[in-house]
Amino acid sequence: KAGVTQTPRYLIKTRGQQVTLSCSPISGHRSVSWYQQTPGQGLQFLFEYFSETQRNKGNFPGRFSGRQFSNSRSEMNVSTLELGDSALYLCASSPQRLARDNEQFFGPGTRLTVL
Amino acid sequence: KQEVTQIPAALSVPEGENLVLNCSFTDSAIYNLQWFRQDPGKGLTSLLLIQSSQREQTSGRLNASLDKSSGRSTLYIAASQPGDSATYLCAVSPMDSNYQLIWGAGTKLIIKP
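Described below are features of the structure shown in this document. (Residues numbered from 1 in each chain as written. Chains lettered and ligands numbered in written order. Predicted model: local features only at pLDDT ≥ 70, side-chain atom pairs only at ≥ 80, totals over all residues. Heavy atoms only, no water.)

### Looking at the interface of chain A and chain B
Accessible area lost upon the coming together of the parts is a frequently used measure of interface size. With 22 residues of chain A at the interface, the matching set in chain B holds 20 residues. Where chain A abuts chain B, roughly 1,700 Å² becomes buried across the two surfaces, and 55% of that area is made up of carbon and sulfur atoms. Our count for the contact surface shared by chain A and chain B stands at 0 salt bridges. For the pair chain A and chain B, the number of links is 4 residue pairs in polar contact (both at pLDDT 80 or more). Counting residues per element, the ones that place at least two in the side of chain A that touches chain B are β4 (31–38), β5 (42–50), β6 (53–57) and β9 (87–94) of chain A. Of the residues belonging to the side of chain A that touches chain B, the class tally is 9 nonpolar, 7 polar and 6 charged. (Contact = heavy atoms within 4.5 Å. Buried area = accessible area lost by both parts, 1.4 Å probe. Salt bridge = Lys/Arg side-chain N within 4 Å of Asp/Glu carboxyl O. Polar contact = N/O pair within 3.5 Å; in protein donor to acceptor, adjacent residues only side chain to side chain. Helix = DSSP H or I, 4+ residues; strand = E, 2+ residues; numbered from the N terminus. Nonpolar A, V, L, I, M, F, W, Y, C, P; charged D, E, K, R; others polar.)

### Describing the pairing of strand β9 (residues 86–94) of chain B
A regular strand places its side chains on the two faces of the sheet in alternate fashion. All names here are of chain B. Of all 9 residues that make up β9, 8 are buried, and the element is covered over most of its length. Relative to β9, strand β4 (residues 30–38) is paired through 8 bridges, and the arrangement is antiparallel. Bridge pairing in β9 places L33 opposite V92. In this structure, β9 lies alongside strand β10 (residues 102–103), joined through 2 bridges in antiparallel fashion. By the bridge assignment for β10, A91 is matched with W103. (Buried < 20%, exposed > 50% of the residue type's maximum accessible area, 1.4 Å probe, protein only. Pairing = 2+ DSSP bridges.)

What follows is the structure, encoded as structure tokens:
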């Protein structure tokens, strides 16, 4: 079974631009979560989707948004980029329908650099 | 509010030693705990998942234990190898988390040849 894939792997943007990151989960997995990882803050939860519905959202400004498609693929969008948005963005998929089945499998991440 | 702590933040040991990494959490109301490995600049690799009803899980040279009542988990690595060098993170799935994981800051492990 193929793992979680994320595209692109690397991105360089300038302040004020917007960016879209893509995640394809493991086949059969319907839950996709997004995390931001920075040296200072560690791993922080962005949002989680299941069957095209956002079930939870972390404490991030409205500039961060996401969606999930009917094939479970997910995208996240960051608008009006700031220098502090530079981070590794990780996507995880899980077969979970219920929270107690929350075993997550991660993709390689997208490294976003904002200049 | 659930908090996860990993001690030590960094560890350097000679090759061949057995070692223990620690993870503690403040609220025992969890569904499970997962241990991950992260190589520099890379994504996370799931190592072991322990359900709340379990006491330990084993995979090869790795053994993870869970003591929910005391809010502790340990990851035991036997006969360490230079290829084990990485950052090890633990994460809990709290019962009130609404599908998110709560993460420790990680232990950076260096195995010296």
